[in-house]
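Observations on the three-dimensional arrangement
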Amino acid sequence: MSTTILIYNQNDMKIGSTPEFYTGAPVDPVDLRFRGAFVANLWRTLRSGHVVLAAPRRTGKTSVMDYLRDHPENGFRVVSINVQDLTHPADFFQVLLDAFHDAHPEFVRDRLAEGWGLVSGVLDRVESIGAGGFKLAIRGSDPDWRTNWRRHGDTFLAQARNAGDPILFIIDEFPDMLINLAREDKGLLREFLAWFRTQRQNPAPTRDSIRWLVGGSVNLAGTLDALGLVDLINDLEDVSLPPLTEEHIETFVADMLGGRSVPFDADVPRRLIARLGRPIPFFMQIATRDLYRRWKRGQRRIAATDVDAVFNEMIVGSAARTQLQHYYSRIRQYYAEPKRSIAHALLGQISVSESGLRRETLLHETERALADLCATLPAHQRRQLFNQLMFDLENDFYIVEVEGGTCDFASGVLKSWWRKYHA
Ligand SMILES: Nc1ncnc2c1ncn2[C@@H]1O[C@H](COP(=O)(O)OP(=O)(O)OP(=O)(O)O)[C@@H](O)[C@H]1O
Ligand SMILES: [Mg+2]
């Protein structure tokens, strides 16, 4: 619920009142802040090419995608889908078509479906099928969809191009779908990626009215590299969602508390910044919300010690735990042995360090973990494995190099949590 106090947003997106706290769902486009420059930049990049948007979990990718969908620029029609659970290219096209129909029903009926029997036949019947019927009817329109996915995909995009308007397809959690495909059938993944690449290159983006923005929290290049397929996506422009700056966080805390008339000491935002480490916006929201709740309970001025209390509670609280658990499980899911055990060993060690560990120390730790696993590798292979693992851990947003050869957890919240549960 929004309060009625007007605040001024220094960050280029219009808001009229103190936004609500978002602690899980994507930020509603009307409340999105701090992303104005990024969004403008993204539209600029999309003028000339297709984009892959990567960022760690819970940092605001979907919020930005929803904003693009609701505030299209340059005449784009936007169609946005989440493909996390899809396991076949046929499902991909069906979901995309369904979302297209939901977002732009007249356009689909009058332009996209024009002369395309598969869809126009369904549209003739869809009135009688009722809400939600379109997707089912599309699925039923060809009993051999799974065999014919490529033909239908080709026709879909040809129709979309002929329809005239620029179209932006936003595909959220794309790497997850690729991992699902690989699990079902690696050959199918390769075929799909090859098809998708051809579609992105013929016609060349500058002559194409279609743009793709794919994104996800799993590192796409890393995922495909492990499968030997990274060459099939290297034409995509890599855009990373910039972390919120200290200034953003200060503004956020001041506005969210100040906007609710919560008095707080001047060092509160600084303390919050220090405890966050790499600012994962989700944790910033939870911490600020919990400060607000503390104030509501006690009605006394919020101090830096309250920030510490809130962070300590957050690490054991259920909302954060669900998110944090993902970081732990991911390693089990996606890192093959011996990397899995070594990653857990290294992160455990880093979590109990004051401010990170030196690379030599971590290499030494790796060798010890390998010995525990009874893995006998020559020295150069041990080092290679170590370098690869450090690269993965950095790419997957677990660690950062803080200064000359010292590595620490990127997120302060994750570090404290790891220390408590997994060290
Ligand atoms: N611009 C922002 N300002 C403040 N908080 C934000 C912002 N963007 C995201 N958040 C916070 O991050 C949370 C997650 O946002 P969102 O779902 O967009 O992230 P995501 O990167 O898509 O997450 P996931 O990796 O789980 O898909 C929101 O619930 C909110 O707490
Ligand atoms: Mg998301």
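Residues numbered from 1 in each chain as written. Chains lettered and ligands numbered in written order. Predicted model: local features only at pLDDT ≥ 70, side-chain atom pairs only at ≥ 80, totals over all residues.

Before going further, it helps to examine the domain arrangement of the protein. Splitting the protein by domain gives domain 1 (33-240), domain 2 (246-316) and domain 3 (337-421). Computed from C-alpha coordinates alone, the two centres of domain 2 and domain 3 are separated by 31 Å. With eight residues of domain 2 in contact, the opposing surface of domain 3 contributes 10 residues. When residues of the side of domain 2 that touches domain 3 are traced back to their parent elements, those giving at least two are helix H12 (268-276) and helix H14 (304-316). Its residues assigned to classes, the side of domain 2 that touches domain 3 comprises five nonpolar, one polar and two charged. (Domains from an automatic or database assignment. Contact = placed C-beta atoms within 7 Å. Helix = DSSP H or I, 4+ residues; strand = E, 2+ residues; numbered from the N terminus. Nonpolar A, V, L, I, M, F, W, Y, C, P; charged D, E, K, R; others polar.)

Another point: the confidence of the model for the protein. Confidence along the protein averages 91 in pLDDT terms, with 95% of residues attaining 70 or more. Below a pLDDT of 50 lies the segment residues 1-15, which in the model reaches 35 contacts outside its immediate sequence neighbourhood of four places, other chains included. (pLDDT = per-residue confidence, 0-100.)

Before going further, it helps to spend a moment on the environment of Asp110. Within the element layout of this structure, Asp110 appears in helix H4 (residues 105-112). Using a count of 12 C-beta atoms within 10 Å as the deciding quantity, one classes Asp110 as exposed. As for Asp110 and Ala163, which are separated by 53 residues in sequence, their C-alpha atoms are 9.1 Å apart. (Buried ≥ 20, exposed ≤ 12 C-beta atoms within 10 Å, placed from the backbone.)

Of all seven residues in strand E4 (residues 210-216), six are buried, a share of seventy percent or more. Two strands pair when backbone bridges link them, and strand E3 (residues 167-172) and E4 are joined in this way by six bridges, in the parallel orientation. Following the sheet pairing, Ile171 is matched in E4 by Val214. (Pairing = 2+ DSSP bridges.)

Next up on the list: the site of ligand 1. Lining the immediate environment of ligand 1, one finds 22 residues, of which Gly60, Thr62, Ser63, Pro281 and Gln285 sit closest. Of all the secondary structure elements, the ones that give two or more residues to the shell around ligand 1 are helix H2 (61-70) and helix H13 (281-298). Of the residues that constitute the shell around ligand 1, the class distribution is nine nonpolar, eight polar and five charged. Structurally, the shell around ligand 1 is a two-domain feature, drawing no fewer than three residues from each of domain 1 (33-240) and domain 2 (246-316). (Near = placed C-beta within 6 Å.)

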